[in-house]
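Structural overview
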Amino acid sequence: MEPLMDLPRRPRRNRGNGPLRALVRETSLSPQHLVMPCFAREGRNLSEPIPSMPGCHRHSVDRLVAQAREWSDLGIPAIALFPATAPEAKTADAKAALDPDGLVPRAVRSLKDALPHLLVITDIALDPFTDHGHDGLLSPDGRIENDSTVEILCAMASIHAKAGADLVAPSDMMDGRVGAIRQHLDRQGFLDTGILAYTAKYASAFYGPFRDALGSAPKAGDKKTYQMDPANRREAMLEADLDEAEGADILMVKPGLPYLDVLRELRDRTTLPLASYHVSGEFSMLKAASERGWIDYDQCLLESLVAFRRAGADLILTYAAADAARLLA
Ligand code: PBG
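The paragraphs below set out a description of the structure included in this document. (Residues numbered from 1 in each chain as written. Predicted model: local features only at pLDDT ≥ 70, side-chain atom pairs only at ≥ 80, totals over all residues. Heavy atoms only, no water.)

**Details of the packing of aromatic side chains**
Stated precisely, the cut-off is as follows: Here a Phe, Tyr or Trp ring, Trp counted by its six-membered ring, pairs with any other such ring whose centre lies within 6.5 Å, and the pair is stacked when the planes are under 30 degrees apart, edge-to-face when over 60, and tilted otherwise. By the criteria applied, helices consist of DSSP H or I runs no shorter than four residues and strands consist of E runs no shorter than two, each listed in order from the N terminus. Whether a residue is buried, partly exposed or exposed follows from its accessible area with a 1.4 Å probe, protein chains only, as a fraction of its type maximum: under 20%, in between, or over 50%, in that order. A ring is considered to have a charge above it if a Lys NZ or an Arg CZ atom is located within 6 Å of its centre and within 35 degrees of its normal.
By the definition in use, this model includes eight aromatic pairs. Measuring from centroid to centroid gives 6.1 Å for tyrosine 277 and tyrosine 319, while their planes differ by 40°, and the two rings are tilted. Of the two residues, tyrosine 277 is situated in strand 11 (residues 274–278) and tyrosine 319 in the loop between strand 12 (315–318) and helix 11 (321–328); the sequence distance between them amounts to 42 residues. Across the pair, exposure class does not vary: tyrosine 277 and tyrosine 319 are buried alike. Ring-pair connections join several aromatic residues into one group, and the members of that group are Phe39, Phe82, Tyr198, Phe210, Tyr277, Phe283 and Tyr319. The aromatic ring of tyrosine 207 is capped on one face by lysine 201, whose charged end is 5.4 Å from the ring centroid. Over the ring of phenylalanine 210 we find lysine 254; its NZ or CZ atom is 5.9 Å from the centre of that ring.

In structure tokens, the structure reads:
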């Protein structure tokens, strides 16, 4: 029978059935690509739900280790640790960040003791520890000081490295911090501790639920003098060139889905591995819409994560890592 149309190319042929679609699929997504961000708090046997991030908790260290074991059993290779510092422990100079027996070093030691193969990535920034909520030191005239902040970040990084962190992740956006941290770690002999740089971190409103989780919303002002303007793409390339030259091991773009163009362009520009951060607001939007019955959480989640991979991400930080790993099993 003669076809109605004479088409030499019929792309639908390759979509005809599941095995064929699998055969020609361009992008893979598996638990090995996922990093679970998580929140630690003081105390014992506590898992405190975070209302704006359904399914996420602030865990005491013992509970965190138990959770991390579950995540690891699901095939998730790494976690990114954030400390929920008690309000009374926050100060203008963020001194809790430099306590060698603080929450982060204790959590890292417990995690690495119990689960040596689970990679632990620690956050390098002052906002969990400052009473004003900024990522750096605040000068009397309300500016965020760069160089004095970087000094503290270096000290923090070596405390985390000593505790056993596999990678430190500066999320602060101070100038020159990657190079300074690299040099500081090397001088102390931490040659194998990697740096996951928050290379292009934008001043985004999608961080809202995370700031609820840590109680870290800035008391005054915003983060626009250090985090990037959402309108800028070329500037991300400048940041990437600097981080790469300064010794970063992995470059990250944050937030995720709204900035896939930046990720895509970076993919063409660097040979380094790339990470993308599917941030709290993105995660909570999926949860909220699915709670209303407006979208299917599981399918929208996997579609979002494969989009990161398609755009060029090697690894994805997502609060949905465990959900995704279960779906992919
Ligand atoms: C701050 C930091 C933020 C996030 C990670 N580290 C928030 C901010 O910059 O205010 C956000 C992560 C998320 O929203 O999931 N150093």
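**So, the nonpolar core**
Put simply, the rule reads: We define a nonpolar core as any set of buried Ala, Val, Leu, Ile, Met, Phe, Trp, Tyr and Cys residues linked to one another through side-chain atoms lying within 4.5 Å. In this description, contact between two residues means that some pair of their heavy atoms is separated by no more than 4.5 Å.
Phe39, Trp71, Ile181 and Tyr277 are the most contacted members of the largest nonpolar core, which totals 104 residues. Counting residues per element, this core draws most heavily on helix 4 (residues 147–163), which supplies eight residues. Contact partners of tyrosine 277, with chain neighbours within four places excluded, come to Pro37, Phe82, Tyr198, Phe210, Met252, Val253, Lys254, Pro255, Gly256, Glu282, Leu317 and Tyr319.

**Considering the site of the ligand**
As a reminder, the rule being used: The rule for a residue being near a molecule or strand is that one of its heavy atoms must lie within 4 Å of it. Residues adjacent in sequence count toward polar contacts only when both atoms are side-chain atoms; beyond that, a polar contact is any pair of N or O atoms within 3.5 Å, and within protein one must be able to donate a hydrogen and the other to accept it. Note that accessible areas follow from Shrake-Rupley with a 1.4 Å probe, and for residues the cover is restricted to the protein chains shown.
Close to the ligand lie 17 residues; Arg211, Lys223, Lys254, Ser280 and Tyr319 are nearest. Separating an oxygen atom of the ligand from a side-chain N or O atom of serine 280 is a distance of 2.7 Å. The side chain of tyrosine 319 places a nitrogen or oxygen atom 2.6 Å from an oxygen atom of the ligand. Summarising the interface, the protein chains cover 100% of the accessible area of the ligand, which totals 400 Å² for the free molecule.

So far we have only geometry, and geometry alone does not tell us how the molecule works.
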